[in-house]
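Results of the structural survey
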Amino acid sequence: IVAIHGLDGHYAKSFTAPNSVLWLRDTLPKSIPNARILTYSYDARTHGKNRSQQTISHLARNFLVALSTFR
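These notes cover the structure that comes with them. Sequence order sets the numbering: in each chain, residues are counted from 1 along the sequence as written. Local features are withheld for residues below a pLDDT of 70 in this predicted model, meaning they are given only at 70 or higher, and side-chain atom pairs are given and counted only at 80 or more; totals for whole chains, interfaces and linings count all residues. Values reported for side chains reflect all heavy atoms of the structure, with hydrogen atoms and water molecules removed beforehand.

1. Some remarks on the overall build of the chain
- Secondary structure elements are defined from DSSP: runs of H or I of at least 4 residues count as helices, runs of E of at least 2 residues count as strands, and each element is numbered from the N terminus. Helix and strand counts for the chain come out as three helices and two strands.
- This radius of gyration counts C-alpha atoms alone. The globule rule is 2.2 Å times how many residues there are, raised to the power 0.38. Computed over its C-alpha atoms, the radius of gyration of the chain comes to 14 Å, more than 25% above the 11 Å expected for a compact globule of 71 residues.
- With respect to the three principal axes, the spread of C-alpha positions in the chain is 40 × 30 × 10 Å.
- When each of the 71 residues of the chain is scored for burial, the buried share is 18%.
- Within the structure as shown, the chain displays about 5,500 Å² of accessible surface, and the carbon and sulfur contribution to it stands at 56%. Partly exposed describes any residue whose relative accessible area lies between the buried limit of under 20% and the exposed limit of over 50%, with all areas from a 1.4 Å probe on protein chains only and scaled to the type maximum. Here, Shrake-Rupley sampling with a 1.4 Å probe gives the accessible areas, and only protein chains in the shown set may cover a residue.

The following block contains the structure:
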């Protein structure tokens, strides 16, 4: 299972409930014990002077390279 946050998201905060439970880490493994659960982080900033200059296509290629390298 690979969890990818959305634009302007964060690899952990996007999957953390208001009660501070990071469900990918704290609850999902109990439901699917044999699953490998990964999060993928990328520069998702779309606003301000520090926003990412990468295109969606570039981000997608980087993800595929990172995933294939990890496997």
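Back to the text.
2. Details of the side chain of Ser 52
- Checked against the element boundaries, Ser 52 lands in the loop between strand S2 (38–40) and helix H3 (56–70).
- For Ser 52, a relative accessible area of 14% gives the class buried.
- A polar contact is formed between the side chain of Ser 52 and the backbone nitrogen of Gln 54, at a distance of 3.1 Å.
- It only takes one pair of heavy atoms within 4.5 Å for two residues to be counted as in contact. Discounting residues that sit within four places of it in the chain, Ser 52 has contacts with Asp 43 and Arg 45. Any N or O atom pair separated by 3.5 Å or less is treated as a polar contact, with the protein-specific requirement of one donor-capable and one acceptor-capable atom, and with residues adjacent in sequence counted only for side-chain atom pairs.

3. A short note on the environment of Phe 15
- Its place among the elements puts Phe 15 in the loop between strand S1 (2–4) and helix H1 (23–26).
- Look at Phe 15 and you get buried, because its relative accessible area is 12%.
- Between the C-alpha atom of Phe 15 and that of Arg 25, which follows or precedes it by 10 residues, the distance is 9.3 Å.

4. Quick look at the pattern of salt bridges
- By salt bridge we mean one thing: a side-chain nitrogen of Lys or Arg within 4 Å of a carboxyl oxygen of Asp or Glu. A complete count under the given rule lists two salt bridges for this structure.
- A salt bridge links Asp 43 to Arg 45; its shortest N-O distance comes to 2.9 Å.
- In this structure Asp 43 comes out as partly exposed when scored by relative accessible area, which is 27%.

5. Structural notes on the environment of Gln 53
- Looking at the secondary structure, you find Gln 53 in the loop between S2 and H3.
- Residue class for Gln 53 comes out exposed when judged on its relative accessible area of 68%.
- Within the local environment of Gln 53, its side chain forms a polar contact with the backbone oxygen of Arg 51, the two atoms lying 3.3 Å apart.

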